[in-house]
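So you can see what is in the structure, the chains are spelled out below.
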Amino acid sequence: MSSELVCLSMEGGAAATTPAALPYYVAFSQLLGLTLVAMTGAWLGLYRGGIAWESDLQFNAHPLCMVIGLIFLQGNALLVYRVFRNEAKRTTKVLHGLLHIFALVIALVGLVAVFDYHRKKGYADLYSLHSWCGILVFVLYFVQWLVGFSFFLFPGASFSLRSRYRPQHIFFGATIFLLSVGTALLGLKEALLFNLGGKYSAFEPEGVLANVLGLLLACFGGAVLYILTRADWKRPSQAEEQALSMDFKTLTEGDSPGSQ
């Protein structure tokens, strides 16, 4: 290793300083997310009869699974690199990937619940804007996870491909999360109009609670996106990551690490 890399390792040896405001914003986002999940459960329990798979209540598994999977867990998966700033990169990547796959599995259960419920009741599938957006989000999310696994967790992916794809991965991750929040809001409004009809405009308690739930969805999405877009809150490169990058460039492109 060259003397420059040794210096780089010495300079990066200390743990990166956590921005003072970051923990408070992360804690606030978690408070919003947990309240969102709890309020979704309360709405379904108080006004929709609860959840039971082999009954008319099977449909209610759909909104709960989608909020837990594609909103709360997906949002937290995006925040992993902001929260775990000093841990080994591979450990952080594995946690990021696991949270995404848990979200994907839970969302799949939610999809099965609604399609099976429609089949039993003889209802039409995929006719609403909410359902079209929902399928689009799920397919994009699945493809994003597969491509992300192939590039960042699969051992055979080259460093150069990872570097070129990383900006697209970050962009599509944030975009899919934003689409997930928007789709959940569409679904919430659709459920209120279907269940309450004209009573929705009379400030029915269920409608008021669901409106608050919608605001929580928007606020959680906004909090996550704000944390993600703060450039000074990004996870700093660890010394070993920078050294690996420069060593790889030396081996593959014939450059000296200090040539840039």
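Owing to the predicted nature of the structure, the values given are computational and were not obtained by experimental measurement.

Trainee: Could you clarify how one ought to interpret the overall build of the protein chain in this entry?
Mentor: A count of helical and extended segments in the protein chain gives eight helices and zero strands. Taken from the N to the C terminus, the helices and strands of the protein chain come in the order α-α-α-α-α-α-α-α. By residue count, 39% of the 260 residues in the protein chain fall in the buried class. Restricting the contact set of the protein chain to residue pairs at least 6 apart, pairs at least 24 apart contribute 73%.

Trainee: Whenever I open this one, the nonpolar core confuses me. Can you help?
Mentor: Counting 45 residues, the largest nonpolar core has Leu36, Trp43, Phe220 and Val224 as its most contacted members. Secondary structure elements with two or more residues in this core: α2 (22-47), α3 (61-83), α4 (89-121), α5 (129-153), α6 (159-196) and α7 (205-229). Ranked by residues supplied to this core, first place goes to α3 with 11 residues. Apart from residues lying up to four places away in sequence, Trp43 is in contact with Arg48, Pro63, Leu188, Ala191, Glu206, Leu209 and Leu213.

Trainee: How should α2 be read in this particular structure?
Mentor: Count 3.6 residues to each turn of an α-helix, and residues three or four apart come out pointing the same way. Helix length check: α2 (26 residues) gives 37 Å between terminal C-alpha atoms against 38 Å at 1.5 Å per residue, within 8%. On its buried side, α2 packs onto α3, α6 and α7. In the segment just after α2, Gly49 is the residue with positive phi, at about 90°.

Trainee: Can you walk me through the packing of aromatic side chains in this structure?
Mentor: Aromatic ring pairs are reported here in terms of the distance separating the ring centres and the angle at which the planes meet. Evaluation of the coordinates by the stated rule reveals 12 aromatic pairs. Pairing Tyr117 with Tyr123 gives two aromatic rings, centres 6.0 Å apart and planes at 65°, and the pair type is edge-to-face. With relative accessibility at 14%, the residue Tyr117 sits in the buried group. Residue classification places Tyr123 among the partly exposed residues on the basis of a relative accessible area of 42%. Counting every residue linked through ring pairs, the aromatic cluster contains Tyr25, Tyr226 and Trp233. In this structure, Arg230 packs its charged tip against the face of Trp233, placed 4.2 Å from the ring centre.

Trainee: I'm lost on α3 in this one. Help?
Mentor: When the local axis directions of α3 are compared, the greatest deviation, roughly 30°, occurs at Ala77. For α3, a buried count of 21 out of 23 residues is recorded, marking the element as mostly surrounded by other parts of the structure.

Trainee: Which parts of the structure should I look at to understand the pattern of salt bridges?
Mentor: It is possible for side chains of opposite charge to pair when their charged atoms get near one another. Counted under the stated rule, the structure contains six salt bridges. As a salt-bridge pair, Glu206 and Arg48 come within 2.9 Å of each other at their nearest N and O atoms. Here Glu206 is found in helix α7, whereas its partner Arg48 is found in the loop between α2 and α3, with 158 residues between them in sequence. Residue classification places Arg48 among the partly exposed residues on the basis of a relative accessible area of 24%. Measuring nitrogen to oxygen at the nearest pair gives 3.5 Å for the salt bridge that ties Glu54 to Lys120. Taken together, the positions of Glu54 in the loop between α2 and α3 and Lys120 in helix α4 put the pair 66 residues apart, joining distant regions of the chain. Looking at Glu54, the relative accessible area reads 66%, which means it is exposed. Within this structure, Glu54, Asp116, Arg119 and Lys120 form a network of salt bridges that share partners.

Cut-off values and rules
Counting restarts for each chain, with residues numbered from 1 along the sequence as it is written. Restriction of local features to residues with pLDDT of at least 70 applies here, the model being predicted, together with a cutoff of 80 or more for giving and counting side-chain atom pairs; totals for whole chains, interfaces and linings are based on all residues. With hydrogens and water set aside, each side-chain value is computed from the structure's full complement of heavy atoms. Numbered from the N terminus, helices here are DSSP runs of H or I no shorter than four residues, and strands are runs of E no shorter than two. For every residue, the accessible area (1.4 Å probe, protein chains only) is compared with the maximum for its type, and the residue is labelled buried under 20%, exposed over 50%, or partly exposed between those bounds. Any two residues whose heavy atoms approach within 4.5 Å at even a single point are treated as in contact. Only buried residues count toward a nonpolar core, which is a set of Ala, Val, Leu, Ile, Met, Phe, Trp, Tyr and Cys residues joined through side-chain atoms within 4.5 Å. To estimate how far a helix should extend, the number of its residues minus one is multiplied by 1.5 Å. Within 6.5 Å between ring centres, the rings of Phe, Tyr and Trp (the latter by its six-membered ring) count as paired, and their orientation is classed by plane angle as stacked under 30 degrees, edge-to-face over 60, tilted in between. Any Lys NZ or Arg CZ found within 6 Å of a ring centre and within 35 degrees of that ring's normal is scored as a charge over the ring. In this analysis the local bend is the angle between axes fitted, respectively, to the seven residues ending at and the seven residues starting at the residue. A pairing counts as a salt bridge when a side-chain nitrogen of Lys or Arg comes within 4 Å of a carboxyl oxygen of Asp or Glu.

Note that all results are geometric; they support no functional claim without further evidence.
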